[in-house]
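Here are the chains, one letter per residue:
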Amino acid sequence: MNDTIVALATAQGVSAIAVIRLSGKDCIDIVQKVFKGKNLQQQPSHTLHFGTIYDDKKVIDEVLVSLFKEPNSFTKENCIEISCHGSPVIIKEIIKVLLKKGARLAEPGEFTKRAFLNGRFDLAQAEAVADLINAETDNARQAALNQMRGGFSKEINRLREELIHFASLIELELDFGEEDVEFAKRDDLRYLILKIQTYLQSLIDSFDQGNVIKNGVPTVIAGKPNAGKSTLLNTLLNEERAIVSDIAGTTRDVIEDEVILGGINFRFIDTAGLRETQDVIEAIGVERTKERMKKASLIIYLFDLTQASLSEIEEQEKELVSLSIPFIKVGNKMDKADKSLLSKLEEKNFLFISAANKTNIQQLKEKILSYFQVQSVKTGDVMVTNIRHYQNLLQTNEALQRVLDGMDQEITGDFLAMDIRQALHYLGEITGTITTDDLLDNIFSKFCIGK
Ligand code: GDP
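Residues numbered from 1 in each chain as written. Predicted model: local features only at pLDDT ≥ 70, side-chain atom pairs only at ≥ 80, totals over all residues.

**Brief notes about the overall build of the protein**
In terms of helices and strands, the protein carries 15 helices and 13 strands. Rg of the C-alpha trace for the protein: 29 Å, well past the compact-globule value of 22 Å for 451 residues, more than 25% over. Expressed as lengths along the three principal axes of its C-alpha atoms, the size of the protein is roughly 85 × 80 × 40 Å. The buried share of the protein, reckoned over its 451 residues, is 38%. (Helix = DSSP H or I, 4+ residues; strand = E, 2+ residues; numbered from the N terminus. Rg over C-alpha atoms; globule rule 2.2 N^0.38 Å. Buried ≥ 20, exposed ≤ 12 C-beta atoms within 10 Å, placed from the backbone.)

Right under this line is the structure:
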């Protein structure tokens with residue numbers, strides 16, 4: 001960690017300004033070697049300096065250098081941000097000359113990884129940095145910000161400390177071997193575990209909402225060819241995205257787009273129509289549709305009211321029910337539908353729309369939303385949005401349950417201690433008190449370069 005890393009921190013492509021970021025003990029010296037302006041070492045932290053970056057005698061660009069001296073920076077190391085003009089050529093040239101002077105290219109997430117390893121924040125907070133950057137709704141932004149500012153970390157660490165205390169007492173008992181001593185009062189341990197379980201359960205329960213807020217809701221629009229799926233997706237998106245045609249089987253692959261309804265990001269997936277087909281490519285599309293339906297959180301199933309008979313509709317309904325995924329039955333083309341069919345379907349909880357004429361689309365949106373009501377996230381709300389945290393919380397709770405059950409069965413202290421250590425391990429992995437290289441690599445490799 002003693003070397004100096006460099007990366008573009010802003011997006012690739014042409015922009016007014018780009019920011020190139022460096023972190024490491026020697027970063028000020030490295031930048032100084034290519035910077036004509038003030039002597040940066042002599043400047044105080046958190047100051048801005050105008051100058052030029054050059055390579056030998058060639059001036060590459062006029063830039064502004066922001067200086068952050070250790071430990072008062074994001075990574076707690078010396079950090080510099082060079083704001084240059086946002087041309088890919090300039091960016092490339094500046095990074096090249098910095099590499100020549102001793103910096104190396106940063107790996108994905110390496111700035112945040114250094115911040116974590118230097119104790120700037122814990123692992124759950126580091127992960128929230130990535131969530132904040134990737135937030136697609138205001139709710140997702142607020143949830144990530146709350147987590148980045150501490151979230152559940154403090155409480156988890158506090159409960160973990162209490163549990164460590166008990167683990168050590170029990171382990172002390174083991175040192176006394178055959179003697180019948182009990183340093184860890186079992187009733188107190190039971191009380192603590194119940195307290196921890198109650199807290200963890202409230203976090204576990206929050207994941208349903210947290211997951212919807214962070215990851216959005218994959219919503220599949222399915223139905224027979226020509227039912228109007230592409231038309232409905234276009235209507236929902238208010239733009240011409242999917243190809244609409246009256247030749248059955250036009251949407252051969254899966255088209256996906258996002259619409260924010262009620263603060264939730266719905267990923268609407270328009271699929272190839274479900275039918276028996278001899279066409280190889282269309283058959284692949286149909287297969288993919290079935291896979292997507294199984295993975296969806298919600299299926300909007302379109303019935304073509306001008307084509308389907310009541311018995312056909314009932315047949316398709318049966319297949320839908322067998323998937324055990326929430327679905328909304330939507331009858332499309334109500335403008336041309338037979339009135340007697342409408343009245344029969346009305347009793348079966350169908351929603352009638354016309355995707356082409358945009359009739360009842362608001363009702364459909366409300367119905368979709370009714371499956372995923374989320375409260376708007378406020379400052380300080382604590383919730384779990386990360387599946388890694390969620391899984392570790394479940395594993396912690398299971399280990400704690402084994403401790404409780406073990407005490408009921410009066411098992412020996414060494415087994416109790418083992419389960420407590422296990423719980424401590426899972427809990428510690430959430431905030432990163434316990435980490436392995438694999439765990440860190442796995443987390444930070446998902447970050448972008450420059451973060
Ligand atoms: P998909 O194969 O399910 O994606 O169906 P499309 O969206 O391509 O639509 C098939 C045909 O049905 C097109 O000619 C659309 O214009 C027509 N269509 C879609 N929605 C409606 C509607 O609400 N009313 C009527 N009358 N026609 C519609």
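The structure having been displayed, the exposition proceeds.
**What about the domain arrangement of the protein?**
As far as domains go, the protein holds domain 1 (5–117), domain 2 (153–212 + 380–444) and domain 3 (218–370). Each of domain 1 and domain 3 has a C-alpha centre, and these two points are 51 Å apart. (Domains from an automatic or database assignment.)

**What to know about the pairing of strand E1 (residues 5–8)**
Going residue by residue along E1, you find Ile5 and Ala7 tucked away on one face and Val6 and Leu8 tucked away on the opposite face as well. As paired strands, E1 and strand E2 (residues 15–23) are joined by 4 bridges and run antiparallel to one another. Across the sheet, Val6 pairs through a bridge with Leu22, a residue of E2. Between E1 and E2, which pair antiparallel one after the other, the connecting turn spans 6 residues, and Gly13 there sits at a positive phi close to 110°. With 2 bridges joining them, E1 and strand E7 (residues 104–105) adopt parallel strand pairing. Looking across to E7, one finds that Ile5 is bridged to Arg104. (Pairing = 2+ DSSP bridges.)

**Observations regarding the pairing of strand E12 (residues 327–332)**
Side chains on a regular strand alternate between the two faces of the sheet. Examined bridge by bridge, strand E11 (residues 298–304) and E12 share 6 bridges and lie parallel to one another. Note that in E12 the partner of Leu302 across the bridge is Val330. In this fold, the crossover linking E11 to E12 by way of helix H10 (residues 310–322) has right-handed handedness. Here 2 bridges tie E12 to strand E13 (residues 351–352), and the two strands are oriented parallel to one another. Following the sheet pairing, Gly331 is matched in E13 by Phe352. One crossover worth recording links E12 to the parallel E13 by way of helix H11 (residues 339–346), and it is right-handed. (Right-handed = clockwise from strand over helix to strand, strands pointing away.)

**Focus on the packing of helix H6 (residues 153–175) against helix H14 (residues 413–431)**
Closest axis-to-axis distance for the H6/H14 pair is 9 Å, and the angle between their directions is 155°. With respect to their mutual orientation, H6 and H14 come out roughly antiparallel. As H6 runs across H14, the sense of the crossing is left-handed. Contacts between H6 and H14 pair Ser153, Ile156, Asn157, Arg160, Leu163, Ile164, Phe166, Ala167, Ile170, Glu171, Glu173 and Leu174 from the former with Gly413, Asp414, Leu416, Ala417, Ile420, Arg421, Ala423, Leu424, Leu427, Gly428, Ile430 and Thr431 from the latter. Taken together, the residues of the contact of H6 with H14 break down into 14 nonpolar, 5 polar and 5 charged. (Axes fitted to C-alpha atoms, helices over the stretch in contact; angles between N-to-C directions. Parallel < 35°, antiparallel > 145°, perpendicular 65-115°, else oblique. Left-handed = near helix turned anticlockwise from the far one by under 90°. Contact = placed C-beta atoms within 7 Å. Nonpolar A, V, L, I, M, F, W, Y, C, P; charged D, E, K, R; others polar.)

**Structural notes on helix H5 (residues 138–148)**
Within H5, the full set of buried residues consists of Asn139, Ala140, Gln142, Ala143, Ala144, Asn146 and Gln147. The inward-facing, buried residues of H5 contact helix H4 (123–134) and helix H7 (186–215). Phi turns positive one or two residues past the end of H5, at Gly150, with a value near 135°.

**Quick notes on the sheet that holds strand E4 (residues 47–55)**
The strand order across the open sheet formed by 7 strands is E3-E4-E5-E6-E2-E1-E7, and the pairing between neighbours is mixed. Each edge of the open sheet is held by one strand with a lone partner, namely strand E3 (35–36) and E7. Two strands pair when backbone bridges link them, and E4 and strand E5 (residues 58–68) are joined in this way by 9 bridges, in the antiparallel orientation. If you follow His49 over to E5, its bridge partner there is Val65.

**What to know about the nonpolar core**
With 106 residues, the main nonpolar core has Leu22, Val31, Ile80, Ile221 and Ile420 as its most contacted residues. Sort the elements by how many residues they give to this core and H7 lands first, with 8 residues. Ignoring anything within four residues of it in the chain, the contact list for Ile221 reads Lys229, Leu232, Leu233, Phe268, Ile269, Asp270, Thr271, Ile300 and Leu302. (Core = buried A, V, L, I, M, F, W, Y, C linked by C-beta atoms within 7 Å.)

**Some words on unusual backbone geometry**
Residue Pro71 is bonded to the preceding Glu70 through a cis peptide linkage, with omega at 0°. Within the secondary structure, Pro71 is located in the loop between E5 and strand E6 (79–86). Residues other than glycine seldom take positive phi values, yet Asn226 does so here, at roughly 75°.

**Thoughts on the UniProt feature "binding site: Mg(2+)" (unreviewed entry) in the protein**
In the numbering used here, UniProt assigns the feature "binding site: Mg(2+)" (unreviewed entry) to Ser230 and Thr251. Mapped onto the elements, Ser230 comes out in helix H8 (residues 229–237). Residue Ser230 is classed as buried on the basis of its 23 C-beta neighbours within 10 Å. (UniProt positions renumbered as here; feature names shortened; annotations may be inferred.)

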